[in-house]
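Okay, here's what each chain looks like letter by letter:
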Amino acid sequence: MSETKRRRPAASRAASRATSPAAVLRISSRNYSSWSMRGWLILRLSGLPFTAETVSPDDPATRAELLLQSSSILIPSLRHDGAEIWDTLGMAEYLNELRPEAGLLPADRLARARCRAICGEMHAGFHALRSSLPMNLRAQVPGFTVWSAARADIERICKLWRDCLATWGGPWLFGARPSLADAMYAPVVLRCRTYDVTLDAPCEAYARTILAWPDVQEWIAAAREEPEARITELEFDAEF
Ligand SMILES: N[C@@H](CCC(=O)N[C@@H](CS)C(=O)NCC(=O)O)C(=O)O
């Protein structure tokens, strides 16, 4: 390959970086906000360069400012090139259109359909799990008693994971590389660790894959550096 040919792609990549609009992802707590974590992982998977801006939606001044800039105060929210998206699945579809080569959704039609279905199930469901085992990276609760409704949610999630791992061969839910589904379920793995939930062998192997994911490790490391939030007591009826 000639010198000129080698230089051209680098130059055009630099030009595209210089002209591409900045993406800003608003997140809240890295320790307590599972939706922020999902949005951040989805952005990472897409490969779109972005800046993460941490805001506190509990602060009235911040809420007012968020509402001036957007029609929703929901976090995470993504601003990019005129688009304002305040829902993780909305973000994923936007980023998949923008950067289809990133493989946020699996290439195979049937895998893609299943991926959308299980991501939708996480997005819309598992309320017992979400409310009684809230994400809390600062906590460790050995021997935590999981009540029956949350237990049923965990069993359902484990079945979804086992089916995917058996069908697509692991170690990720849809095969050899992480996808949107892994970003959506990563906070569930962290909850299982916080609340000492025992997993069967395939699900435990999957949990280890998630915990070894460099992006997840980076998120956890940044959470450790986060100043303590003004949370005096864990609100078990809140959905994180
Ligand atoms: N379905 C939404 C969930 C987002 C969500 O519930 N975010 C919570 C924080 S984790 C929030 O912004 N709450 C602010 C409020 O309701 O005041 C998504 O997919 O992004």
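Up top you'll find the structure we're talking about.
Residues numbered from 1 in each chain as written. Predicted model: local features only at pLDDT ≥ 70, side-chain atom pairs only at ≥ 80, totals over all residues.

Before going further, it helps to examine helix H8 (residues 180-194). Ala186 marks the point of greatest bend in H8, at about 35°, and the proline Pro187 comes within the next four residues. Counting buried positions over the 15 residues of H8 gives 13, a clear majority of the element. Asp196 occupies a position one or two residues after H8 and carries a positive phi of about 60°. (Bend = angle between axes of the 7 residues up to and from the residue. Helix = DSSP H or I, 4+ residues; strand = E, 2+ residues; numbered from the N terminus. Buried ≥ 20, exposed ≤ 12 C-beta atoms within 10 Å, placed from the backbone.)

The next point concerns the nonpolar core. Ile42, Leu173, Leu180, Ala181, Ala186 and Val189 are the most contacted members of the largest nonpolar core, which totals 54 residues. Contributions of two or more residues to this core are made by strand E1 (23-27), helix H2 (34-46), helix H4 (88-98), helix H5 (109-124), helix H7 (148-168), H8, helix H9 (201-212) and helix H10 (214-225). Sorting elements by how many residues they give to this core places H8 first, with 10 residues. Here this core spans two domains, since at least three of its residues come from each of domain 1 (13-102) and domain 2 (109-225). (Core = buried A, V, L, I, M, F, W, Y, C linked by C-beta atoms within 7 Å. Domains from an automatic or database assignment.)

For H7, with 21 residues, the first-to-last C-alpha span of 30 Å sits near the 30 Å given by 1.5 Å per residue. Within H7, burial applies to Ala150, Asp153, Ile154, Ile157, Trp161, Cys164, Leu165 and Trp168. Summarising the axial view, the buried residues of H7 lie within an arc of 105°, below the 170-degree limit, and thus occupy one face. Relative to its buried face, H7 has exposed residues pointing more than 90 degrees away, namely Ser148, Glu155, Lys159 and Ala166. The inward-facing, buried residues of H7 abut H5, helix H6 (127-132), H8 and H9. Two residues or fewer past H7, Gly169 is found with a positive phi of approximately 85°. (Expected span 1.5 Å × (residues − 1). Arc of directions from axis to C-beta. Contact = placed C-beta atoms within 7 Å.)

Let us look at the sheet that holds strand E2 (residues 50-54). Taking strand neighbours across the sheet as the criterion, the four strands line up as E2-E1-E3-E4 in an open arrangement whose pairing is mixed. Strands at the two margins of the open sheet, each flanked by one partner only, are E2 and strand E4 (83-85). Sheet twist, expressed as the mean angle between neighbouring strand axes with direction ignored, is 15°. Across the sheet, H2 is in contact with E1, E2 and strand E3 (77-80); its angle to E1 comes to roughly 160°. (Pairing = 2+ DSSP bridges. Axes fitted to C-alpha atoms, helices over the stretch in contact; angles between N-to-C directions.)

This part takes up the environment of Met135. With respect to the helices, strands and loops of the structure, Met135 is situated in the loop between H6 and H7. With 53 residues separating them in the primary sequence, Met135 and Val188 have C-alpha atoms 8.1 Å apart.

To continue, consider the pairing of E1. Both E1 and E2 contribute to a ladder of five bridges, which runs parallel. From the neighbouring strand, Val24 faces E2, where its bridge partner is Thr51. Bridge analysis of E1 against E3 gives four bridges, and the strand direction is antiparallel. Among the inter-strand pairings, Ala23 is bridged to a residue of E3, identified as His80.

Before going further, it helps to spend a moment on unusual backbone geometry. For the peptide bond that leads from Ile75 to Pro76, omega is 5°, which places it in the cis range. Structurally, the position occupied by Pro76 is in the loop between helix H3 (60-69) and E3. In this model, Gly170 is joined to Pro171 through a cis peptide bond whose omega is 0°. The backbone of Asp196 shows a phi angle near 60°, a positive value even though the residue is not glycine. Tracing the backbone shows Asp196 in the loop between H8 and H9.

Two elements in contact, H8 and H9, have axes separated by 10 Å at closest approach and are oriented at 105°. It follows from the interaxial angle that H8 and H9 lie roughly perpendicular. Mapping the contact onto sequence places Asp182, Ala186, Val189 and Cys192 in H8 and Ala207, Ile210 and Leu211 in H9. Classifying every residue of the contact of H8 with H9 gives six nonpolar, no polar and one charged. (Parallel < 35°, antiparallel > 145°, perpendicular 65-115°, else oblique. Nonpolar A, V, L, I, M, F, W, Y, C, P; charged D, E, K, R; others polar.)

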